[in-house]
Amino acid sequence: MNEQITGALFKRMVLHGAAVITAQKQAINDLNVFPVPDGDTGTNMSMTIGTAVTELRKSSPATVEQAASVTASALLRGARGNSGVILSLLFRGFAKAVKDKDSIDGRDLAIALDFGVAAAYKAVMKPAEGTILTVSRMAAARAAGAAREDNCLESVLQAAIEEGQIALDNTINQNPVLKKAGVVDAGGKGFLVILQGMLDSLRGVPMPEGDGEGEAKVESKTDYAAIAAEEITFTFDTVFIVRKTSPHKGLEAFEAYLNSIGDSLVIGEDDEAFKVHVHTNIPGEALTEAQKYGTLELAKIENMRTQAEDLAAGRHVQSTDDLDAVEQELERGAAMPEEPVKAAPEKKYGYVAVCAGAGLEAVFKDLGVDGVISGGQTM
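Analysis parameters
Residues numbered from 1 in each chain as written. Predicted model: local features only at pLDDT ≥ 70, side-chain atom pairs only at ≥ 80, totals over all residues. Heavy atoms only, no water. Helix = DSSP H or I, 4+ residues; strand = E, 2+ residues; numbered from the N terminus. Polar contact = N/O pair within 3.5 Å; in protein donor to acceptor, adjacent residues only side chain to side chain. Contact = heavy atoms within 4.5 Å. Buried < 20%, exposed > 50% of the residue type's maximum accessible area, 1.4 Å probe, protein only. Patch = residues over 30% accessible without salt bridge, like charges linked within 9 Å, V, L, I, M, F, W, Y side chains within 5 Å. Areas by Shrake-Rupley, 256 points an atom, 1.4 Å probe, with all protein chains shown as cover. Salt bridge = Lys/Arg side-chain N within 4 Å of Asp/Glu carboxyl O. Arc of directions from axis to C-beta. Pairing = 2+ DSSP bridges. Axes fitted to C-alpha atoms, helices over the stretch in contact; angles between N-to-C directions. Expected span 1.5 Å × (residues − 1). Parallel < 35°, antiparallel > 145°, perpendicular 65-115°, else oblique. Left-handed = near helix turned anticlockwise from the far one by under 90°. Nonpolar A, V, L, I, M, F, W, Y, C, P; charged D, E, K, R; others polar.

J.: Would you explain unusual backbone geometry in this entry?
T.: Generally, phi is negative for residues other than glycine and the peptide bonds are trans, each holding for most cases. Phi is positive for D100, close to 70 degrees, though the residue is something other than glycine. Among the structural elements, D100 can be located in the loop between α5 (81-97) and α6 (106-123). Of note, the phi angle at S264 is positive, near 55 degrees, even though the residue is not glycine. By the secondary structure assignment, S264 is in strand β2 (residues 262-269).

Next up, the structure:
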């Protein structure tokens, strides 16, 4: 039994947690309806912690401080989506708690989990209950109680997971979107999966192999066709990194601006850079405003409405990963994908009407329009 988490052991725990969530990512994707039903939480969390795996494999951390610092920095820069950014913040707070420590025991672990929760809540502009925030908070609180009873690492982490599972099961009652879909929170599930992988590492459980597409059992798969894409308030999931040019310049005004043009805002930062996740209809303006605070380094913008529509129709959900794949093929000398053959136009001009309500649609169809789009002011 391990009495202390060293740098080498923390590295193995993170690698194991990453392998477990990769094996279960599709099951987590199938729970994803909040904050938007785009079915990518498992993938985002898997790829986020995967960046830490890449960096940790290049290093041989002598202390838990070094291992946690490498992990937190990699997660911040590699964070994808709302859940990925929050996951990076949980590890950022953890890293702050173990600063200057060569190794940690059960009590230290409980404190570090609590530091992680505090960092996540501080960075999420409008925290919602029934999410990964709730699950991580309840897990950390139970870990603290368990550490007072028994300073055993495994006991503390096991208690945190058990309490986190209770909190996860209750998310369906706390969040109206989850209740409507009949599922638990995907981000909270992903967090517990990672913690379980870290505990398995402590116990010497073999690491899972493969990417696990569709292998894991899901609590309740979401009926995406029953969730209207119209429930998505803002269209574009926007994530970007800005390298600070003025390290001491506060982000309060920038936070207020982003809140005025979007929602689901999360900002994580370290001494050198900050990462933003926001849902907005005007991502270009968000990126432009960001450059007042530093140098824009990386941005990812995805259309959540089309992703939700693809999920509902059972189609492949397009993401920036598809663009990455095309670019990699081009680098290897492959030809650009051929454009699909387009049919000749039936006539020189076509007419489309945007109508609010069946009555107006009927009127315009009688007038001979070629197509009708349901919509109206603000729609």
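J.: What is the right way to read the side chain of T238 from this model?
T.: Mapped onto the fold, T238 is located in strand β1 (residues 236-244). Separated by 3.4 Å, the side chain of T238 and the backbone oxygen of F236 make a polar contact. In this view, T238 contacts V276, H277, V278, T280, P283, K300 and I301; residues no more than four positions away in its chain are not counted.

J.: Whenever I open this one, the environment of G182 confuses me. Can you help?
T.: Along the chain, G182 turns up in the loop between α9 (176-181) and α10 (186-203). On the accessibility criterion, G182 (29% relative accessible area) is partly exposed. Sequence spacing of G182 and V33 is 149 residues, and the spatial spacing of their C-alpha atoms is 9.9 Å.

J.: What am I meant to see in a nonpolar patch on the surface here?
T.: Side chains of L360, V363, F364 and L367 sit close together on the surface and give an oily, nonpolar patch of about 370 Å² of accessible area. Within the secondary structure, L360 sits in helix α15 (residues 358-366). Among the residues examined, L360 registers a relative accessible area of 44% and is labelled partly exposed.

J.: Just checking my understanding: could you explain helix α11 (residues 252-261) for this structure?
T.: For an α-helix, the turn length of 3.6 residues means that residues three or four places apart are oriented alike. Taken together, the buried positions of α11 are F254, L258 and I261. Taken around the axis of α11, the buried residues stretch over an arc of 70 degrees, which confines them to a single face. In α11, the exposed residues that point more than 90 degrees away from the buried face are E252, A253 and S260. On the buried face of α11, the contacting elements are β1, β2, β3 (273-280) and α12 (283-290).

J.: Which parts of the structure should I look at to understand the environment of E361?
T.: Considering the arrangement of structural elements, one finds E361 in helix α15. In contact with E361, not counting residues within four places along its chain, are C355, V372 and S374.

J.: Help me out: how do you make sense of the sheet that holds β2 in this one?
T.: Strand pairing within a sheet occurs via backbone hydrogen bonds; the two strands may be parallel or antiparallel. Pairing within the open sheet is antiparallel, and its four strands lie in the order β2-β3-β1-β4. In this open sheet, the two edge strands, each paired with only one partner strand, are β2 and β4 (294-303). On average, adjacent strands in this sheet sit at an angle of 15 degrees to one another, irrespective of strand direction. Seen against the sheet, α5 touches β1, β2 and β3 and runs at an angle of roughly 30 degrees to β2. On top of the sheet, α11 reaches β1, β2 and β3; it is set at about 155 degrees to β2, its chief contact.

J.: Please clarify how helix α3 (residues 41-57) should be interpreted in this entry.
T.: With 17 residues, α3 extends 24 Å between its outermost C-alpha atoms, agreeing within 8% with the 24 Å of an ideal straight helix rising 1.5 Å per residue. Those residues of α3 that fall on the buried side of the exposure criterion are T41, G42, N44, M45, S46, T48, I49, A52, V53 and L56. Next to the buried residues of α3 lie α1 (7-23), α2 (25-29), α4 (64-78), α5, α7 (132-149) and α10.

J.: Which parts of the structure should I look at to understand the packing of α6 against α7?
T.: Contact geometry of α6 with α7 gives a least axis separation of 8 Å together with a crossing angle of 155 degrees. As far as their axial angle goes, α7 and α6 are roughly antiparallel. Taken as a pair, α6 and α7 cross one another with a handedness that is left-handed. For the pair α6 and α7, contact is made by G106, R107, A110, L113, D114, V117, A120 and Y121 and by L133, T134, S136, R137, A140, A143, A144 and A147, respectively. Looking at the contact of α6 with α7 residue by residue, the class counts come to ten nonpolar, three polar and three charged.

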